[in-house]
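# Observations on the three-dimensional arrangement
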Amino acid sequence: METLYHQTNKQIQEVQSHMGRLENTDRQSVHLLENELQARIDQIFSHLERLEILASKEPPNRRQNAKLRVDQLKYDVQHLQTALRNFQHRRYARETQDRDREELLNRTFTTNDADTSIPIDETLQFNTNLNNAHRGMDDLLGSGSSILTGLRDQRGTLKGTHKKMLDVANMLGLSNTVMRLIEKRATQDKLIMIGGMLITCVFMFLVVKYLG
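Residues numbered from 1 in each chain as written. Predicted model: local features only at pLDDT ≥ 70, side-chain atom pairs only at ≥ 80, totals over all residues. Heavy atoms only, no water.

## Some points on the overall build of the protein chain
- Looking only at helices and strands, the protein chain features 5 helices and 0 strands.
- Counted from the first residue to the last, the protein chain has its helices and strands arranged as α-α-α-α-α.
- Within the protein chain, the proportion of its 212 residues that are buried is 28%.
- In the protein chain, once contacts between residues fewer than 6 apart in sequence are set aside, the share between residues at least 24 apart is 75%. (Helix = DSSP H or I, 4+ residues; strand = E, 2+ residues; numbered from the N terminus. Buried < 20%, exposed > 50% of the residue type's maximum accessible area, 1.4 Å probe, protein only. Contact = heavy atoms within 4.5 Å.)

## Let's talk about the pattern of salt bridges
- The tally for this structure, following the rule as stated, stands at 8 salt bridges.
- One salt bridge in this structure joins arginine 69 and glutamate 2, with 2.9 Å as the shortest N-O distance. With arginine 69 in helix H3 (residues 60–106) and glutamate 2 in helix H1 (residues 2–19), the pair connects residues that are 67 residues apart, well separated along the chain.
- Two residues, glutamate 58 and arginine 62, come together in a salt bridge whose shortest N-O distance is 3.0 Å.
- Classification of glutamate 58 as buried rests on a relative accessible area of 13%.
- Take arginine 62: its relative accessible area is 44%, and that puts it in the partly exposed class.
- Several salt bridges converge on common partners, so that one network encompasses Glu14, Glu36 and Arg40. (Salt bridge = Lys/Arg side-chain N within 4 Å of Asp/Glu carboxyl O.)

## Observations regarding the packing of aromatic side chains
- For the coordinates displayed, the defined rule picks out 0 aromatic pairs.
- The ring of tyrosine 5 carries arginine 69 above its face, with NZ or CZ at 4.0 Å from the centroid. (Phe/Tyr/Trp six-rings, centres within 6.5 Å; stacked < 30°, edge-to-face > 60°. Lys NZ or Arg CZ within 6 Å of the ring centre and 35° of its normal.)

Here is the structure:
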């Protein structure tokens, strides 16, 4: 298990490093980099499935710690998957806007009356402002979606970690005071998470209402 664990952890670090190259990669090569990153992430998920099986077969005194380590790897790769999807969403939106702008610039305008004029500059300026507003909303919605996904993942991880910590505490015979402190901290983390989700939802609602 240790060999596969370290191999998977190394792959996660490599994906994190390559993610930083996405923004600086040219349009012709970005698709290849995205495909490469997705293939690496899929392989990591496959390794995690194997690690979960191996962790469940560990001796009782090492099983809980092994499962916690696997959960941490799973949490990290889920965030990488979310970040990649958000980048792809923003790229698709930018490419669509660029195509629309190119079509508008290449469009041939005709008039039937010598006194009739088309305010091309104003039309282009309006289209640019509209595209900028849409791009801003896409970025905000993508960020909000990423935050909500991260919070949901964190909630699941915290719940699993809390249960496992209680199991370990029971196994080690820790005092009731320590147990209560653990439960109190878990409750505080849950309240903070819920508050963050509510604030994010309100913010996204206001954005859609006033900028939509």
